[in-house]
Amino acid sequence: MKDDRQRQTPYFTKLKEYGQSGVTPFDVPGHKLGRIKNDMMDYTGINTFLLDSNAPIGLDQLAKPLGVIKDAEKLAAYAFHADKAYFLVDGTSVGIMSMIMSSCRASEKIIVPRNVHKSVINGLILSGSTPIFVHPDIDSDLGIANGVPFQTMKKAIDVHPDAKAVFVINPTYFGMTSDLKKIVEYAHAHGMLVLVDEAHGTQFYFSDLLPISAMDAGADMSTTSMHKTGGSLTQSSILLTKGTWVDQIRLRTTINMLQTTSPSSLLIASMDVARKTLYFEGEERIKKLIHMSQKAREQIRTIPGIEVIDKKYVLSRGGNNFDETKLVIKVSELGVTGFEAYKELRRKFNIQLELAETHLILAILTIGTTKDDLDHLYNSLRDLSKRYYKIRKKVPKIKFNYQFPVTYSRPRDAYHAPKLQVLLEESANQISGEMIMIYPPGIPMVIPGEIISEEVLEDLQFYVKNGSVIHSEMDNGYVKVVDKDNWQKWEGEESEI
Ligand SMILES: Cc1ncc(COP(=O)(O)O)c(C=O)c1O
């Protein structure tokens, strides 16, 4: 039985009324509800601007919701099986940093998979907490890092019973999950909070056919990018909490510390309405989507030289579960890298994929994906196969050891340390003073405080050769490393890191 209260969209409704009320605006934003005409307004129409307000009387305040935002957040909490929901307008990144900063003080330990998004590393720098890195399962055929096995998490919890929190990704960019329920039970039995990155998992809350969501698994906090797979506008995310272990005051203070004081009303309203759609239509539409994705897999699998990952593949390799709304397609047997296929599908067929890796491409499916879209992808892949399969040599299996670099200090210590600039190719064996990564996926290959290894430099060169852009602090081929001779490493540092 659906709850009829979910038909309400308290924030969106009030925002619409406000834009149409004929108010005389002496507040910001300065476009004054669309009175400054411009090219964008010609294109979108005035309604976009009528919905763009700051915090006029009656529209509540995101930093301290007492009215319509509070009501909308309550509806979201219910729809997402949480006790409390916080709307965010700076993406899941801000939610992740808030979860970490409000759970761990400087030097307190947090157990973290190493293949996390950069926002987790930023959360470690800002909080000053000490990461205990755990290593994910590696699929060396696909060249990707997956979930962290329960036994690995258990061992980290056993060895570090003083850790304050455990961090879990649910799911990874490629749709792989860890045994979240078991991790939650074990972490809770040891008094640790469980914080979850559900940037790619909004859909889990609306279908039993998908892996378990963080709130259903009993996690304390999770942040989900409504904008990625939930249908709201880009940057809008929700932080969810459950149970009594979360210090809500500290969490609110932290969110307010990190988030803009001018939250976009368009983003907030877009979450309010997307939540309603997901609540009433999500289950049925996700069921159809999964069916469509299975059919698409069957079809694509028949194309010579192409493989598609499915649940069976993941389970047979000891993985926990797989989000079937992710279409992970291996193209390297065709003789093209994922990077080449990614570019060619856009250039020749106007298909925009989410990302590419050496062997594969990733298509993200949501309830907005149509059968025609999937047919177009199938036909385009068939074209690639006809032109390349057995004509080109297979892409050689890369050495994918994914030896994450050795940790030398807390990320925060290295962040504040005096730095030297050295050429990237001459930085081997130095302590990195910054994050170095490819975007997407935005998983840092080196973080502040890690020793830059020869292997990482080789991997970076490989990515550059394949047209990826290295994200680092400087654009001139140099990287920042710690000036060890002039650095006083913090004395409270744990000996094992
Ligand atoms: C695994 C993962 N976590 C967190 C984020 C951050 O999410 P957002 O872009 O909503 O800030 C991303 C973004 O790509 C991600 O891939």
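Per chain, residues are indexed from 1 in the order of the written sequence. Under the rules for a predicted model, residues below a pLDDT of 70 receive no local features and side-chain atom pairs below 80 are neither given nor counted, while totals for whole chains, interfaces and linings still include all residues. To get the side-chain values, all heavy atoms of the structure are used, and hydrogens and water are removed first.

**Some words on the overall build of the protein**
- The number of helices and strands found in the protein is 16 helices and 19 strands.
- In this treatment the radius of gyration is a C-alpha quantity, and the globule benchmark scales as 2.2 Å times the residue count to the 0.38 power. Against the 2.2 N^0.38 benchmark of 23 Å for 497 residues, the protein shows a C-alpha radius of gyration of 23 Å, consistent with a compact globule.
- Each principal axis of the C-alpha atoms in the protein carries an extent, and together these give about 65 × 60 × 50 Å.
- Per-residue accessibility, obtained with a 1.4 Å probe over protein chains only, is compared with the maximum for each type, and a residue is labelled buried under 20%, exposed over 50%, and partly exposed between these values. A burial count over the protein gives 55% of its 497 residues as buried. Each helix corresponds to a stretch of at least 4 residues labelled H or I by DSSP, and each strand to a stretch of at least 2 residues labelled E; elements are numbered beginning at the N terminus.

**Looking at the sheet that holds strand β13 (residues 326-330)**
- Strands are labelled as partners when DSSP assigns at least two bridges between them. Pairing within the open sheet is antiparallel, and its four strands lie in the order β11-β13-β15-β14. The two strands at the open ends of the sheet, each matched to only one other strand, are β11 (307-308) and β14 (355-356).
- Contacts: residue pairs with any heavy atoms within 4.5 Å of one another. Axis definition: a line fit to C-alpha positions, over the contact stretch in the case of helices; interaxial angles, taken between N-to-C directions, run 0 to 180 degrees. Across the sheet, helix α11 (residues 265-301) is in contact with β11 and β13; its angle to β13 comes to roughly 10°.
- Where helix α13 (residues 338-349) meets the sheet, its contacts fall on β14 and β15 (360-364), and the angle it forms with β15 comes to roughly 45°.

**Concerning unusual backbone geometry**
- In this model, Val28 is joined to Pro29 through a cis peptide bond whose omega is 5°.
- The omega torsion across Asn170 and Pro171 is 0°, close enough to zero to call that bond cis.
- Relative to the helices and strands, Pro171 is located in the loop between β6 (165-169) and β7 (176-177).
- Even without being glycine, Lys32 reaches a positive phi, approximately 50°.

**Here's the deal with the packing of helix α5 (residues 91-103) against helix α10 (residues 248-258)**
- Where α5 meets α10, the closest approach of the two axes is 9 Å, and the angle between their N-to-C directions is 135°. Considered as vectors, α5 and α10 are oriented oblique to each other. For the crossing formed where α5 meets α10, the hand is right-handed. Between α5 and α10, the contacting residues are Val94, Met97, Ser98, Met101, Ser102 and Ser103 on the first element and Arg250, Leu251, Thr254, Ile255, Met257 and Leu258 on the second.
- Here the term charged refers only to Asp, Glu, Lys and Arg, the term nonpolar to Ala, Val, Leu, Ile, Met, Phe, Trp, Tyr, Cys and Pro, and the term polar to all other amino acids, Gly among them. For the contact of α5 with α10, the class distribution of residues is seven nonpolar, four polar and one charged. For classification purposes, an angle smaller than 35 degrees is called roughly parallel, one larger than 145 roughly antiparallel, one from 65 to 115 roughly perpendicular, and anything else oblique. Here a crossing is taken to be left-handed if its near helix is turned anticlockwise relative to the far helix by less than a right angle, and right-handed if that turn runs clockwise.

**A few points about the packing of α5 against helix α6 (residues 118-127)**
- At a closest axis distance of 8 Å, the pairing of α5 and α6 adopts a crossing angle of 40°. Classified by the angle between their axes, α5 and α6 sit oblique to one another. The chirality of how α5 crosses α6 is right-handed. Every residue of α6 that contacts α5 at Ser93, Ile96, Met97, Ile100 and Met101 is listed here: Ser119, Val120, Asn122, Gly123, Leu124, Leu126 and Ser127.

**Comments concerning the site of the ligand**
- Nearness here has a simple test: a residue counts as near a molecule or strand if at least one of its heavy atoms is within 4 Å of that partner. Looking at the ligand, there are 14 residues lining it, with Thr92, Ser93, Asp197, His200 and His227 nearest.
- One of the side-chain nitrogen or oxygen atoms of Asp197 is found 2.6 Å away from a nitrogen atom of the ligand.
- Note that an oxygen atom of the ligand is positioned 2.9 Å from one of the side-chain N or O atoms of Ser225.
- Areas reported here follow the Shrake-Rupley algorithm with a probe of radius 1.4 Å; residue values treat only the protein chains shown as occluding. When the ligand is considered free in solution it has 390 Å² of accessible area, and contact with the protein chains removes 90% of it.
- For the shell around the ligand, the secondary structure elements donating two or more residues are α5 and α9 (226-230).
- A total of four residues in the shell around the ligand trace back to one element, the largest contributor, which is α5.
- Counted by class, the shell around the ligand contains four nonpolar, eight polar and two charged residues. Distance and chemistry together define a polar contact, namely a pair of N or O atoms within 3.5 Å, with one atom able to donate a hydrogen and the other to accept it when in protein, and with adjacent residues in sequence counting only for side-chain atoms on both sides.

**With respect to the packing of aromatic side chains**
- The aromatic pairing rule takes the rings of Phe, Tyr and Trp, using the six-membered ring of Trp, and pairs them if the centres are within 6.5 Å, calling planes under 30 degrees apart stacked, those over 60 edge-to-face and the rest tilted. All told, the structure shown has nine aromatic pairs when counted by the stated rule.
- Taken together, a centroid distance of 6.0 Å and an interplanar angle of 85° make the contact between Phe339 and Tyr463 edge-to-face. Of this pair, Phe339 sits in helix α13 while Tyr463 sits in helix α16 (residues 454-465), placing them 124 residues apart in sequence. Across the pair, Tyr463 and Phe339 agree in class, each one buried.
- Site record: aromatic cluster; members linked through ring pairs are Tyr78, Tyr279 and Phe280.
- The rule is short: NZ of Lys or CZ of Arg within 6 Å of the ring centre and within 35 degrees of the ring normal puts a charge over the ring. Directly above the ring of Tyr279 sits Lys2, whose terminal nitrogen or CZ lies 4.7 Å from the centroid.

**As for α10**
- Those residues of α10 that fall on the buried side of the exposure criterion are Arg250, Leu251, Arg252, Thr254 and Ile255.
- Close packing links the buried residues of α10 with α4 (68-79), β1 (84-88), α5, β9 (221-224) and β10 (237-241).
- With a side-chain oxygen positioned 3.2 Å from the backbone nitrogen of Ile249, the residue opening α10 is Asp247.

**Here we look at the sheet that holds strand β8 (residues 193-198)**
- Spatial strand order, β1-β10-β9-β8-β6-β2-β3: seven strands in an open sheet with mixed pairing. The sheet is open, and its two edges are formed by β1 and β3 (130-134), each paired on a single side. Neighbour to neighbour, the strand axes of the sheet diverge by 20° on average, direction disregarded.
- The pairing of strand β2 (residues 109-113) with β3 spans five bridges and is classified as parallel. For Lys109, the partnering residue across the bridge sits in β3 and is Thr130.
- Here α10 sits on the sheet and contacts β1, β9 and β10; the angle it forms with β1, its principal contact strand, is near 5°.

**Thoughts on α13**
- Its 12 residues give α13 an end-to-end C-alpha distance of 16 Å, which sits within 8% of 16 Å, the value for a rise of 1.5 Å per residue.
- Of all the positions in α13, only Gly338, Phe339, Ala341, Glu344, Leu345 and Phe349 are classed as buried.
- At the exit of α13 stands Asn350, carrying a positive phi of roughly 55°. To estimate the expected span of a helix, subtract one from its residue number and multiply by 1.5 Å.

**Some details on the side chain of Asp483**
- Relative to the helices and strands, Asp483 resides in the segment after β19 (478-482).
- When charges are counted, neither His nor the chain ends are considered; positive counts come from Lys and Arg and negative counts from Asp and Glu. Throughout this description, the term salt bridge denotes a Lys or Arg side-chain nitrogen within 4 Å of a carboxyl oxygen of Asp or Glu. One buried charged side chain, Asp483, makes no salt bridge at all; its nearest oppositely charged neighbour is Lys484, positioned 10 Å away.
- Setting aside residues up to four positions removed in sequence, Asp483 forms contacts with Pro418, Lys419 and Leu420.

**Section: the pattern of salt bridges**
- The tally for this structure, following the rule as stated, stands at 19 salt bridges.
- A salt bridge links Glu450 to Arg114, with the shortest nitrogen-to-oxygen separation between them at 2.8 Å. Pair noted here: Glu450 is in the loop between β17 (437-438) and α16 and Arg114 is in the loop between β2 and α6, with a separation of 336 residues, a long-range link. Side by side, Glu450 and Arg114 carry an identical accessibility label, which is buried.

Everything listed here is a matter of geometry and, on its own, says nothing about what the molecule does.
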